[in-house]
Amino acid sequence: MVRSLSILGSTGSIGTQALEVVRNLGLNVEALAAYRNITRLEEQIREFRPKTVAVFEEKAAADLKTAVSDLSVRVLSGMEGLCEAASLPAADVVLNSVVGMVGLRPTLAAIQAQKNVALANKETLVAGGALVMEAARKNGVKILPVDSEHSAIFQCLQGCPDNKALSRLILTASGGPFFGKTKEELRKVTPEQALKHPNWDMGAKVTIDSATMMNKGLELIEASWLFGMPASRIDVVVHRESIVHSLIEYVDHSIIAQIGLPDMRIPIQYALTWPQRCTSPVGQLDLAKAGTLSFYEPDYETFVCLRACKTAMERGGLAPAAANGANEVAVSLFLQNKIPFLEIGSLVLEAVQRQPDAPAASLKDVLDADRAAREFVHYKTGI
Ligand code: MG
């Protein structure tokens, strides 16, 4: 079991819940890293006493240095700081819960330093899946899923004799706040409406991704890399109650599901304690109280992002990196009220269509495809 860990993205939704898990399990925190929320980071430093911290924004890093000058903690900054925090010798595992492509290089740094990675940063696998999985294989390290759906599949797979016994993965999707809506009804959606998720409390980027179902699209690609399954053998089913976290089907058509209350502390904890199980503060699921569980076909026509990701996954190569890059910019423009909700999907789909077929052979290839997709969105919207 893990004794000591580094957490990247510690001030976000997953990061703060990870620190609750750390507190419950009594683990040692070697390093913390954040984008720029130094107020919360300082509180975390004073409680968990890491020896190293990293802040992505230079100015925020300088301010933090002053704020914690009474403590013996090293304050690093920028991408280099993040990568160094990801590769400290004393950490057994690196939990990467950074949001967006910015998490790719720190993930690779952790793998190269031969750390197991508890991965919540899905963009890492979407854009750089080929590089990350190959590096993990070469360095003999594990990528342990933190995303609730992937943790569910990982939990279902314990005891699976080999991948040949597996016929299909089934990812559940809550459907987000706009389940059942038509395109026409979604034309005038505001960021405030899109930010209200029925079941999960998450950061802004992930919540918008959930409203567009881009999140499920990214998770399809993530699942394909994590479990070595082709697009054709991964299905999505909408499940409104978020009780069934995902399922696997064996060749005999027996289906195994992982179920429980929607609480991220279970998948976070399992990524840290695997293969062991520990007690947790998460409540017990009362099946009789849950009553009915409902399942629906996803609407690929209305939720264009999901369709775009499916296409990107089937095409492979750099297409997923293009989908992700375009989405990151489109979501930020939508949150600033600069583009309508439905334009996120059209931009992502067009970015995928424009991306030429090419393998993701190097980090430079991935970063170039990501940049080209971002530039395309700025060009197309004129913003
Ligand atoms: Mg998820």
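Before any of the text, the structure's been laid out above.
Residues numbered from 1 in each chain as written. Predicted model: local features only at pLDDT ≥ 70, side-chain atom pairs only at ≥ 80, totals over all residues. Heavy atoms only, no water.

Novice: So what exactly am I meant to see when it comes to the sheet that holds strand 10 (residues 244-250) here?
Specialist: The strands making up a sheet associate through backbone hydrogen bonding, with each pair oriented either parallel or antiparallel. The mixed open sheet is built from four strands, whose spatial order is 9-8-10-11. Edge strands, defined here as strands with exactly one partner in the open sheet, are strand 9 (234-238) and strand 11 (255-259). Adjacent strand axes in the sheet meet at a mean angle of 20° when their direction is disregarded. Of the pairings in the sheet, the one linking strand 8 (residues 166-173) to strand 10 comprises four bridges and is antiparallel in character. Across the sheet, residue leucine 169 finds its bridge partner in strand 10, namely isoleucine 248. On top of the sheet, helix 7 (residues 148-157) reaches strand 8, strand 10 and strand 11; it is set at about 40° to strand 10, its chief contact. Seen against the sheet, helix 11 (residues 214-227) touches strand 8 and strand 9 and runs at an angle of roughly 150° to strand 8. (Pairing = 2+ DSSP bridges. Helix = DSSP H or I, 4+ residues; strand = E, 2+ residues; numbered from the N terminus. Axes fitted to C-alpha atoms, helices over the stretch in contact; angles between N-to-C directions. Contact = heavy atoms within 4.5 Å.)

Novice: What should I look at first to understand the pairing of strand 11 in this one?
Specialist: Within a regular beta strand, the side chains point alternately toward one face of the sheet and then the other, so they alternate between its two faces. Both strand 10 and strand 11 contribute to a ladder of five bridges, which runs antiparallel. From the neighbouring strand, leucine 247 faces strand 11, where its bridge partner is alanine 257. Between strand 10 and strand 11, which pair antiparallel one after the other, the connecting turn spans four residues, and histidine 253 there sits at a positive phi close to 70°.

Novice: Any chance you could explain the packing of aromatic side chains here in plain terms?
Specialist: Each aromatic ring pair is described using two quantities: the centre-to-centre distance and the angle formed by the ring planes. The final tally for this structure, using the stated rule, is six aromatic pairs. Plain terms: the ring middles of phenylalanine 334 and phenylalanine 341 are 5.5 Å apart, the flat faces sit at 65° to each other, and that makes the pair edge-to-face. On the accessibility criterion, phenylalanine 334 (1% relative accessible area) is buried. (Phe/Tyr/Trp six-rings, centres within 6.5 Å; stacked < 30°, edge-to-face > 60°. Buried < 20%, exposed > 50% of the residue type's maximum accessible area, 1.4 Å probe, protein only.)

Novice: Before we go on, may I ask you to explain the environment of threonine 66 in this structure?
Specialist: Considering the arrangement of structural elements, one finds threonine 66 in helix 3 (residues 58-67). Here threonine 66 falls in the exposed class, since its relative accessible area comes to 58%. Distance in space between the C-alpha atoms of threonine 66 and threonine 172 is 46 Å, their sequence separation being 106 residues.

Novice: Can you help me understand the pattern of salt bridges in this one?
Specialist: A side chain with one charge can pair with a side chain of the opposite charge if their charged atoms come near. Under the counting rule described, the total for this entry stands at 27 salt bridges. A salt bridge links lysine 51 to glutamate 30; its shortest N-O distance comes to 3.4 Å. Of this pair, lysine 51 sits in the loop between helix 2 (38-48) and strand 3 (52-55) while glutamate 30 sits in strand 2 (residues 28-34), placing them 21 residues apart in sequence. Its relative accessible area of 7% is what places glutamate 30 among the buried residues. Residues glutamate 249 and arginine 168 are paired through a salt bridge, measuring 3.0 Å at the closest nitrogen-oxygen approach. Remark: arginine 168 occurs in strand 8 and glutamate 249 occurs in strand 10; sequence separation between them is 81 residues. Members of the salt-bridge network, linked through shared partners, are Lys122, Asp147, Glu149, Lys216 and Glu219. (Salt bridge = Lys/Arg side-chain N within 4 Å of Asp/Glu carboxyl O.)

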